[in-house]
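What the coordinates show
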Amino acid sequence: MSIETQASADWLQSVRWNSLEDRLDLLDQRLLPGEIVYLELTTSEQVWDAIKQLAVRGAPAIGISAAYGVYLGVRALSGSREALLAEVLRQCDYLATSRPTAVNLFWALDRMRALAEALLGGASTGDVTVEAAKQALLDEARAIQAEDEETCRLIGEHALGLFEDGMGVLTHCNAGGLATARYGTATAPMYLAKEKGMNLKVFADETRPVLQGARLTAFELQQAGVDVTLICDNMAGAVMAKGWVQAVIVGTDRVAANGDVANKIGTYSVAVLAKAHGIPFYVACPMSTIDLTTPTGGDIPIEERHEDEITQGFGKRTAPVGVKVFNPAFDVTPNEYVTAIITEKGVIRAPYEENLKKLFE
Ligand SMILES: CSC[C@@H](O)[C@@H](O)C(=O)COP(=O)(O)O
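Residues numbered from 1 in each chain as written. Predicted model: local features only at pLDDT ≥ 70, side-chain atom pairs only at ≥ 80, totals over all residues.

As a further point, take the overall build of the chain. A tally of regular secondary structure across the chain gives eleven helices and 15 strands. Taking 361 residues into account, the globule formula puts the C-alpha radius of gyration at 21 Å, and the chain, at 20 Å, falls close to it. With the C-alpha coordinates aligned to their principal axes, the bounding extent of the chain is approximately 65 × 50 × 45 Å. Relative to its 361 residues, the chain shows a buried fraction of 49%. Partitioning the contacts of the chain with sequence separation of at least 6, the portion at a separation of at least 24 is 75%. (Helix = DSSP H or I, 4+ residues; strand = E, 2+ residues; numbered from the N terminus. Rg over C-alpha atoms; globule rule 2.2 N^0.38 Å. Buried ≥ 20, exposed ≤ 12 C-beta atoms within 10 Å, placed from the backbone. Contact = placed C-beta atoms within 7 Å.)

The local shell around the ligand holds 18 residues, among which Arg 57, Ala 175, Ala 179, Gly 251 and Lys 264 are the closest. If you list the elements that add at least two residues to the shell around the ligand, you get α2 (59-74) and β10 (261-264). The residue makeup of the shell around the ligand, split by class, is seven nonpolar, eight polar and three charged. Residues lining the shell around the ligand come from more than one domain, with at least three contributed by each of domain 1 (2-152) and domain 2 (155-359). (Near = placed C-beta within 6 Å. Nonpolar A, V, L, I, M, F, W, Y, C, P; charged D, E, K, R; others polar. Domains from an automatic or database assignment.)

Right, let's get into the sheet that holds strand β12 (residues 290-291). Strand order across the open sheet formed by four strands is β12-β9-β10-β13, with mixed pairing between neighbours. Of all the strands in the sheet, the pair left with one neighbour each is β12 and β13 (330-333). Pairing geometry for strand β9 (residues 254-256) and β12, over two bridges, is parallel. Bridge pairing in β12 places Ala 256 opposite Asp 291. (Pairing = 2+ DSSP bridges.)

The next point concerns the confidence of the model for the chain. The predicted model of the chain averages 96 in pLDDT, with 98% of residues at 70 or higher. Overall fold confidence (pTM) sits at 0.96, and the ipTM for the predicted complex is 0.99. (pLDDT = per-residue confidence, 0-100.)

With 113 residues, the main nonpolar core has Val 70, Val 248 and Ala 284 as its most contacted residues. Shared between two domains, this core holds at least three residues of each, these being domain 1 (2-152) and domain 2 (155-359). Ignoring anything within four residues of it in the chain, the contact list for Val 70 reads Ser 44, Val 88, Gln 91, Cys 92, Leu 95, Leu 109, Met 112 and Leu 137. (Core = buried A, V, L, I, M, F, W, Y, C linked by C-beta atoms within 7 Å.)

Attention now moves to the domain arrangement of the chain. With domains assigned, the chain is organised as domain 1 (2-152) and domain 2 (155-359). Between domain 1 and domain 2, the contact holds 27 residues from the first and 34 residues from the second. Secondary-structure elements contributing two or more residues to the side of domain 1 that touches domain 2 are α2, α4 (103-120) and α5 (130-160). The residue makeup of the side of domain 1 that touches domain 2, split by class, is 15 nonpolar, eight polar and four charged.

Glancing now at the UniProt feature "active site" (unreviewed entry) in the chain. Here the UniProt-annotated "active site" (unreviewed entry) positions come out as Asp 253. Structurally, Asp 253 is set in the loop between β8 (247-250) and β9. Accessibility expressed as a C-beta count within 10 Å gives 31 for Asp 253, which makes it buried. Beyond its immediate stretch of four places on either side in the chain, Asp 253 contacts Ala 59, Thr 101, Ala 102, Val 103, Ala 262, Asn 263, Thr 289 and Phe 330. (UniProt positions renumbered as here; feature names shortened; annotations may be inferred.)

Given below as structure tokens:
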């Protein structure tokens, strides 16, 4: 573990491949905003734990980390091509058990699996050595990370077209640079607006119970000089009623084929409030978050997390011992509340079933 006062890039990278040490350095997001600490990971078990315990979180960042985890899980292997392929598949299955909702995790692992099968499987030419295949797996993880940065920038450019100078924009949870390779999804237009000298007034919901909005979104936007105001989740309606919010933009962990959207718990309430106030509700995500194999939001697996997050979050007990607790990490916003979905390919509107399908044609 290394403690740093400054990140090496001019923005805070959540996922860093350290080629000198052949290891994954992950910013421990549980410690933000107080401490900037990078976990130094050398095994796939450590990556699994970091994902499970939310040291790394946010759909794209989880996928990128898991891809590196596959490489870490096989890099010491020196047996046959068949043994390497079997181990890659085993590592992919294992890492897929870390968290259930963000489809980017399964998407990234599918990419690693497909590459291994192409290089080492029955239909391959048979001339790729075990060492070369391992290098190719690392290169693929690096490519997934590099593509995500470009993807988020494109999302930002498309989303910025929906905003005007001086607008109030509310966001929930952290769909920021910390949740991706860079820029974030929902925050990408905020960073680009800043670059272009346009002023957006951002309201960040604190996001109970793990406070990704307070600890992460408020932190990274403040660091970037974006005009950000932190509010508690139960203040969103009051802020909208005052006329301070002209758009809501959030990220997502999975978009179903019909346009229903799973995102951090509380997103659904924000969408209902937005509709009641006539405020557009936008969802920003890479294409890798759209899952046409999941028909509706009701089919998306919703993670339930430990009751301690609610009864004694951050160490202090705030509820009676033994009280019943329900702690879903995500909720589903039905498609009728979604004004548009913004991907790297552009802005998609209803009818979602038809238009999402077209996007992949
Ligand atoms: C660009 S990240 C989009 C989502 O992953 C984000 O909004 C979110 O809900 C993250 O939840 P988390 O539990 O912190 O992983």
